[in-house]
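A structural walkthrough
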Amino acid sequence: MTGTGREPTEGRADGPENGPRTGAAAPGRPRVDMSVETAHEQYVADRAGGAPGGGHEVQVLVRLRAEGLDATVPRRPPERSEVIVIDCSGSMGHPSVRKIAAARRAAAAAIEMLPDGTHFALVEGTDTARVVHPRRDPASPATVAASPASRADGARAARALEAHGGTRISSWLSLTRRLLTARPGAAFRHALLLTDGMDQHGRAEELRRVLDDCAGEFVCDALGIGEGWDAEQLRGIADRLHGRVEAVVDDPPDAGLPGAGSPDAEGSGPDGAGTDGEGLGEQLTRLFRELVGASTRRTLAGLTLAVHTGPQASVALFRQVNPTVLDLTGTAVRDGGRTLLPTGAWGDETRWYELRLRVDPGHPSVRGMREARIASLRLETEDAAGVVLPREEQITVRWVAEAPPTDLGAAGRHFRRYTELEEATRAGCAALGRHDVPSAERELGRAVRLAYELNDAAHLARLRALVTVENAAVGLVRVRDAVDPGHLRKLIARSSRTAPPPRAGGAAPSPPGTPRDVPGGEGGGHSEKPPVCCRRCAEWVRPDRFCESCGHPLEEER
């Protein structure tokens, strides 16, 4: 089974079969473009006989780009709801008041930037949850519409927050859900949660139950500050609620390192790394403003990828792979002969998705066919209001007598490496947590090599907070004598960040790594050969006999 062999194509807005809504966009009209690249990891040796049990998968990478949405002025502004949740447990005031002081300042700044008409509330989180603005009957908590007066009152309430009590994140999320779902007409629902602790004392099941209730109701960005929060737990909350997770630490490792900004990701915001000399309060305020700003700039309430399949195919997996990795398979909804895959709210941005289709080559509808259309992809939105959508894309495969070498395509290889990078990073952090230094050096060394090959300077900078890099090209590292737990949590929190694949048809990329990443690195004294660029797949790989990515002989490149 192989693809039709075509290059990734930009979804166009023409074609008489799609009617006027997909006609050529006039200058300045908002639009969403779609490009598709297929990669096939399994093949059928006998196209007539099928395969025992079926189960052959086709990988489809979908790039969606929205532009012009920010410039549109809707006839009726969309309804928005925002809830800001601040951990006010006693630990926020210890060993000093810096954390609670930073939280007060950041919450006030976020409230002050809310657009007029946005319904909002400020929640104090301890071992219970309480709305501190607007002040209402505790039995009937509610939000209030943003106006100059309500924003000023909200900012004053934020500056008066005090640290006391315990931590019960599940109760905070329950109240947040109650506040946000009280306005069913709100097209955009967003929560911002800050904590320096975690749910404990056997409450894991309660938290899972609450997250199940909240999933699909609102998006939640989560931030950890200080030393007592659990990076894996906070990532679990943000992933389940399709938000972003951030870590706020003193002396960010990214500061002052060359190339330590975010990857040059289309549609992605700043990496969230602290800048040189930025204190705790400045970091937190910037992140609050960034996350609330990103939410309020989204003007398209929902965009759905509709996958039409016949009886010979089904959706096996759907996940976002850029700018962050999010498993969205659980959001799929069956609607007759198609599967609807929501992608959430949109502003002007670009995202990449991976779709896996499970194909049964022995099904009567395709048995014996040399080539078969197994699916079609179409974008849909209930909030189209002048937005030009791309034409439908067809996914076609061929059955071949002999399987060619597996080639995931440039984008497939790129995101496969990022999957391996996240796995190595989290495995290395887990090993450090249990003080298994040999395993930590092996896994973090693998992460350094992958980040080097991907030219991801930001991830390399965060890894250097934990290890001394002897040779980035081969992944030779040593765990530092003193590892700050805050930097460890920061690396876990941001390990799902990715950069988009290099543009097809562009100039040949430069060798990976910044000047300090070249073989010899920080440790010096190493003479391993630098990576070479494969002429077939354009990947930078180790100088072996064959390309580790596509199998092409490398003798001529060396």
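This write-up is about the structure you can find in this document.

So, how was this worked out
- Residues numbered from 1 in each chain as written.
- Predicted model: local features only at pLDDT ≥ 70, side-chain atom pairs only at ≥ 80, totals over all residues.
- Heavy atoms only, no water.
- Salt bridge = Lys/Arg side-chain N within 4 Å of Asp/Glu carboxyl O.
- Helix = DSSP H or I, 4+ residues; strand = E, 2+ residues; numbered from the N terminus.
- Buried < 20%, exposed > 50% of the residue type's maximum accessible area, 1.4 Å probe, protein only.
- 1 Å grid on protein atoms, 1.4 Å probe; cavity = no way out; pocket = protein on both sides within 12 Å on 5 of 7 lines; lining within 4 Å.
- Points joined across faces, edges and corners; volume = space filled by probe spheres on them.
- Nonpolar A, V, L, I, M, F, W, Y, C, P; charged D, E, K, R; others polar.
- Phe/Tyr/Trp six-rings, centres within 6.5 Å; stacked < 30°, edge-to-face > 60°.
- Lys NZ or Arg CZ within 6 Å of the ring centre and 35° of its normal.
- Axes fitted to C-alpha atoms, helices over the stretch in contact; angles between N-to-C directions.
- Parallel < 35°, antiparallel > 145°, perpendicular 65-115°, else oblique.
- Left-handed = near helix turned anticlockwise from the far one by under 90°.
- Contact = heavy atoms within 4.5 Å.
- Arc of directions from axis to C-beta.

1. Details of the pattern of salt bridges
This structure, assessed with the given rule, holds 38 salt bridges. A salt bridge links glutamate 290 to arginine 244; its shortest N-O distance comes to 2.4 Å. On the criterion of sequence distance, the pair formed by glutamate 290 in helix H6 (residues 280-296) and arginine 244 in the loop between helix H5 (231-240) and strand E11 (245-248) is long-range, its members being 46 residues apart. As far as burial versus exposure is concerned, glutamate 290 and arginine 244 are alike and both buried.

2. A look at empty space enclosed by the protein
Taken as a whole and assessed by the stated rule, the structure comprises 4 cavities of 30 Å³ or more. The computed volume of the largest cavity comes to approximately 70 Å³. Lining the largest cavity we find Arg235, Asp239, Gly243, Arg244, Val245, Thr324, Val325, Leu326, Ala493, Ser496 and Arg497. Looking at the lining of the largest cavity residue by residue, the class counts come to 4 nonpolar, 3 polar and 4 charged.

3. Examining the packing of aromatic side chains
A complete count under the given rule lists 2 aromatic pairs for this structure. Relative to tyrosine 353, the ring of phenylalanine 318 lies with its centre 5.3 Å away and its plane at 10 degrees, an arrangement referred to as stacked. Of this pair, phenylalanine 318 sits in strand E13 (residues 313-322) while tyrosine 353 sits in strand E17 (residues 349-359); the two residues are 35 residues apart in sequence, bridging distant segments of the chain. Classification of tyrosine 353 as buried rests on a relative accessible area of 1%. Ring centres of tryptophan 352 and phenylalanine 415 lie 5.6 Å apart, and the angle between their planes is 55 degrees; this geometry places the pair in the tilted category. A residue pair is termed long-range when its members are at least 10 positions apart, and tryptophan 352 in strand E17 and phenylalanine 415 in helix H7 (residues 409-433) qualify at 63 residues. Here arginine 80 stacks its cationic end above the ring of phenylalanine 188, 4.3 Å away from the centre of that ring. One Lys or Arg, arginine 351, reaches over the ring of tryptophan 346 and ends 3.8 Å from the middle of that ring.

4. A short note on the packing of H7 against helix H8 (residues 437-453)
Running from N to C, H7 and H8 cross one another at 150 degrees; their axes reach a closest spacing of 8 Å. Relative to H8, the element H7 lies roughly antiparallel. Considering only the axes of H7 and H8, their crossing is left-handed. Within the contact between the two elements, H7 uses Arg417, Glu420, Leu421, Glu423, Ala424, Thr425, Ala427, Gly428, Cys429, Ala431 and Leu432 and H8 uses Ser439, Ala440, Glu443, Leu444, Arg446, Ala447, Leu450, Ala451 and Glu453. For the contact of H7 with H8, a count of residues per class yields 11 nonpolar, 3 polar and 6 charged.

5. Overview of helix H4 (residues 204-214)
The complete set of buried residues in H4 reads Glu206, Leu207, Val210, Leu211 and Cys214. All buried residues of H4 project into a common sector of 135 degrees when viewed along the axis, lining one side. Structurally, H4 contributes buried residues whose contacts are with helix H3 (169-181) and H5. Once H4 finishes, glycine 216 follows within two positions and takes phi at roughly 85 degrees, a positive value.

6. Let's talk about unusual backbone geometry
Following histidine 94, the chain continues into proline 95 via a peptide bond in cis, with omega recorded as 0 degrees. Structurally, the position occupied by proline 95 is in the loop between strand E5 (80-87) and helix H1 (98-112). That bond from histidine 133 to proline 134 is cis: its omega, 0 degrees, falls within 30 degrees of zero. Relative to the assigned elements, proline 134 resides in the loop between strand E7 (129-133) and strand E8 (144-145). Its identity as a non-glycine residue notwithstanding, histidine 242 has a phi of 55 degrees, on the positive side. As for its placement among the helices and strands, histidine 242 is situated in the loop between H5 and E11. Phi is positive for histidine 435, which is not a glycine, with a value near 65 degrees.

Taken by themselves, the reported measurements are silent on function.
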